[in-house]
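Inside the fold
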Amino acid sequence: MKSYMMQGAKIISTGSAIPFAKVTNEQMSSIVETSDEWIFTRTGIKERRLLTESGKSISDLAIDASIKAIDDISMDPATIDLIILATSSPDDLFGSASKIQDKIGAINAVAFDLTAACSGFVIGLITASQFIFTGTYKNILVVGADALSKWVDWSDRSTCILFGDAAGAVIVQSCNSVFNSILNFHLSTAGNYSDYLSISYEENLQPHPTLNLCQGSFKYISMNGKEVYKFAVSQVPLSITKCLSDINLSTEDVDWLLLHQANERILMAVAEKLCISKDKIISNLSKYGNTSAASIPLALHEAVQSNKIYRNDILVIAGFGAGLTWGTVVMRW
Ligand code: ACO
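Definitions and cut-offs
- Starting afresh in each chain, residues are numbered from 1 along the sequence in its written order.
- Under the rules for a predicted model, residues below a pLDDT of 70 receive no local features and side-chain atom pairs below 80 are neither given nor counted, while totals for whole chains, interfaces and linings still include all residues.
- Just so you know, side-chain values use all the structure's heavy atoms and leave hydrogens and water out.
- Here, the term disulfide refers to a pair of cysteine sulfur atoms separated by no more than 2.5 Å.
- Nearness here has a simple test: a residue counts as near a molecule or strand if at least one of its heavy atoms is within 4 Å of that partner.
- A 3.5 Å cut-off defines polar contacts: any pair of N or O atoms within that distance qualifies, except that in protein one atom must be a possible hydrogen donor and the other a possible acceptor, and neighbouring residues in sequence count only when both atoms are side-chain atoms.
- Helix numbering and strand numbering both begin at the N terminus, where a helix is a DSSP run of H or I of at least 4 residues and a strand a DSSP run of E of at least 2.
- Three classes are used: nonpolar for Ala, Val, Leu, Ile, Met, Phe, Trp, Tyr, Cys and Pro, charged for Asp, Glu, Lys and Arg, and polar for all others, with Gly counted as polar.
- Start and end positions for the domains come from either an automated domain assignment or a database one.
- Between two residues, a contact is recorded if the distance between any of their heavy atoms is within 4.5 Å.
- What counts as buried area is the accessible surface, traced by a 1.4 Å probe, that two parts surrender upon association, with contributions from both included.
- A pairing counts as a salt bridge when a side-chain nitrogen of Lys or Arg comes within 4 Å of a carboxyl oxygen of Asp or Glu.
- Comment: axis = line fitted to C-alpha atoms, over the contacting stretch for helices; angle = value between 0 and 180 degrees taken between N-to-C directions.
- These descriptions rest on fixed angle ranges, namely under 35 degrees for roughly parallel, over 145 for roughly antiparallel, 65 to 115 for roughly perpendicular, and the rest for oblique.
- Should the near helix be turned counterclockwise from the far one by less than a right angle, the crossing is left-handed, whereas a clockwise turn marks it as right-handed.
- When DSSP finds two or more bridges between a pair of strands, those strands are recorded as paired.
- Partly exposed describes any residue whose relative accessible area lies between the buried limit of under 20% and the exposed limit of over 50%, with all areas from a 1.4 Å probe on protein chains only and scaled to the type maximum.
- For the purposes of this section, nonpolar cores are sets of buried Ala, Val, Leu, Ile, Met, Phe, Trp, Tyr and Cys residues that join through side-chain atoms within 4.5 Å.
- UniProt positions are given in the numbering used here, feature names are shortened, and annotations may be inferred rather than shown by experiment.

Let us look at the state of the cysteines. All told, the structure shown has 0 disulfides when counted by the stated rule. Just so you know, cysteine 160 is unpaired, no disulfide at all, and the nearest cysteine sulfur is the one on cysteine 118, 16 Å from it.

In this section: the site of the ligand. The environment of the ligand is formed by 25 residues, the closest being Thr34, Cys118, Gly225, Lys226 and Asn263. At 3.3 Å from a nitrogen atom of the ligand is found a side-chain nitrogen or oxygen belonging to tryptophan 38. Within the contact set of the ligand, a nitrogen atom lies 2.9 Å away from a backbone nitrogen or oxygen of arginine 157. When contributions to the shell around the ligand are tallied by element, the ones reaching two or more residues are helix 2 (36-43), helix 6 (157-160), helix 7 (225-245), helix 8 (264-273) and strand 14 (314-321). Top element by residues in the shell around the ligand is helix 7. It accounts for 4 residues. Looking at side-chain class alone, the shell around the ligand contains 12 nonpolar, 8 polar and 5 charged residues.

A word on the domain arrangement of the protein chain. Partitioning the protein chain into structural domains gives domain 1 (8-179) and domain 2 (182-332). Once you take the C-alpha centre of each, domain 1 and domain 2 turn out to be 14 Å apart. Facing 47 residues of domain 1, the contacting portion of domain 2 comprises 41 residues. Its largest share of buried area at the contact with domain 2, domain 1 owes to Cys118, Val122 and Trp151, together 17% of the area lost on that side. Scanning the region where domain 1 abuts domain 2 turns up 0 salt bridges.

Relative to each other, helix 3 (residues 58-72) and helix 4 (residues 97-104) sit at 50°, their axes nearing to 9 Å. Here helix 3 is positioned oblique relative to helix 4, judged by the angle of their axes. Considering the relative orientation of helix 3 and helix 4, their crossing is right-handed. Residue-level contacts link Ser59, Ala62, Ile63, Ser66, Ile67 and Ile70 of helix 3 to Lys99, Ile100, Lys103 and Ile104 of helix 4. For the contact of helix 3 with helix 4, the per-class residue count stands at 6 nonpolar, 2 polar and 2 charged.

The next thing to look at is the sheet that holds strand 15 (residues 325-332). With mixed pairing, 4 strands are arranged side by side in an open sheet as 8-15-14-13. The open sheet has two free edges, formed respectively by strand 8 (182-189) and strand 13 (256-259), since each of these has just one partner strand. With strand direction ignored, the average angle separating the axes of adjacent strands in the sheet is 10°. Pairing geometry for strand 14 and strand 15, over 8 bridges, is antiparallel. Bridge pairing links valine 316 to valine 330 in strand 15.

Time to look at the environment of isoleucine 309. As for its position among the elements, isoleucine 309 is in the loop between helix 10 (295-305) and strand 14. In sequence terms isoleucine 309 and phenylalanine 131 are 178 residues apart; their C-alpha atoms lie 26 Å from each other. Isoleucine 309 has contacts with Trp256, Ile282, Leu300, Ala303, Val304, Leu315 and Trp333, leaving out every residue within four places of it along the chain.

One pass over the structure, following the stated rule, counts 7 salt bridges. Across the pair lysine 56 and aspartate 64 runs a salt bridge, and its minimum N-O distance is 3.9 Å. Residue lysine 56 is classed as partly exposed on the basis of its relative accessible area, which comes to 35%. Where glutamate 227 meets lysine 230, a salt bridge forms, and the shortest distance between an N and an O atom there is 3.2 Å. Of this pair, glutamate 227 and lysine 230 are both found in helix 7, 3 residues apart, which corresponds to roughly one turn of the helix.

This brings us to the nonpolar core. As a rule of thumb, nonpolar side chains are buried together in soluble globular proteins. Ile240, Leu257, Leu259, Phe320 and Val330 are the most contacted members of the largest nonpolar core, which has 33 residues in total. Counting residues per element, the ones that place at least two in this core are helix 7, strand 13, helix 8, strand 14 and strand 15. If you tally residues by element for this core, the top one is helix 7, at 8 residues. Those residues in contact with leucine 257, other than ones at most four positions away along the chain, are Ile240, Ala271, Ile276, Lys280, Ile281, Ile282 and Val316. By size, the runner-up hydrophobic cluster in this structure holds 31 residues, among which are Leu125, Phe133, Ala299 and Ala303.

Mapped onto this numbering, the UniProt entry annotates "active site" (unreviewed entry) at Cys118, His260 and Asn290. Across 173 residues in sequence, these annotated residues keep their C-alpha atoms within 8.8 Å of one another, forming a single compact spot. With respect to the element layout, cysteine 118 can be found in the loop between strand 5 (110-114) and helix 5 (120-133). Taking the relative accessible area as the measure of exposure, cysteine 118 reaches 8% and is therefore buried. Look past the residues within four positions of cysteine 118 in its chain and what remains in contact with it is His260, Asn290, Ser292, Ala293, Gly319, Phe320 and Gly321. Inspection of the secondary structure assignment puts histidine 260 in the loop between strand 13 and helix 8.

Now the structure itself:
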C-alpha cells in the first residue's frame, strides 16, 4: 500500500440481512441426488437461506443490511457521501446501488455497483478506503449482497448445494491518520482462469432478421470446483503473508482470520498453511453456505455482535472467487 494517506479510515458500524426461507441439506437431498453427509463433510455447510419471498430482491436485502448499519450508530443518512454495492446478482444490470441510495435517504451520496463476485466486498472496502485516505469522502457505505440462488442450475448438484443469499453492510468513516485501521491491502487477478467460475452471456442462434444482430441471456453458474479449491488454498495464504510482511507483521500477530466463506475445508487449509490456530477462524458458513459478496460482511457483523473482536485486534480479511480475483485487507480493529 502506497503511503499517500491524508486521512485514516475505520469501520464504525456493521449490519446484515438474510432471507427468511431456510433450506437444510436434508431438504437439498429431495431436490438433487445428494446427502447431508456429502455436503457437510465436503463443505461444512448445513443449511442456507434463499430469497424465495415473492417480490423481494437482492436490493431489499441490501437495503435492510444498510439500514441496520446506519441505525446502529444513529447516523444521518444524508451524511453518507458514497455507496458501493458489491454484487454479481443485481436486479438491474445498470446497477442497484442507486436503489439503496433512494430507500435509505442518502440524498447526498453518489452510488455505484462493483462486480467482483466473492472478492467484491474486499475490493469495495479497498475502493472506499482510497476515497477516504485522499480526503475526498468522509462517510462511505459498503454493501456486499448476492442472491446466487437466482443463477444456479438447481439440477446441478455440484454447484446448487454451495450457495445461499444474504447481504452485509459496513460504514467506513474517515479519522485522523494516527487512528487508521486499514493497515494494508493486496489485490490480484488472474484473468487466464476466468473460465473456472463464471455466469456467461450466451447469444441466441437466431439473429434479428434485418439487423443480423444476436441477443441472448446469462446462463447458470459454471464452476470447476477442484481448480477453484486449488487456487484458493495456494494463492490466499501468499496474499495474506505478503500483506502482513509488508507492514512488518507476522501470522503470529493475527487475532482473527476472516476469509470468504466458500468452504470450511478451504478455511482450514488456509489457516493451516499460515500456522494460524483454527480458533482464530471466523466461520458461519454452516448456517448460510457461500453467500458470495455478502459472506465477509455477514460474518463480520455476527462476530461484532457477539463481541468476539476487541479493540486493537488484528483482523485479516481475504476474499477470493470468480475472475479469478483475490485480495487481503489487514485491519487493526
Ligand atoms: N452430492 C453428492 N455427490 C456429489 C455432489 C453432491 N452435491 N456433487 C458432486 N458429487 C459427486 C461427483 O459427481 C463426483 O462423483 P464421481 O466421482 O462419481 O464422478 C464426486 O462427488 C466427487 O466430485 P468432485 O467434484 O470431485 O468433489 P470435490 O471433492 O472436489 O468437492 C467441491 C466438490 C465441494 C465443490 C469442492 O471442489 C470445492 O469446494 N471447491 C471450491 C469451490 C468454491 O469454493 N467455489 C466458490 C468460489 S467463490 C465464488 O466466486 C462463487
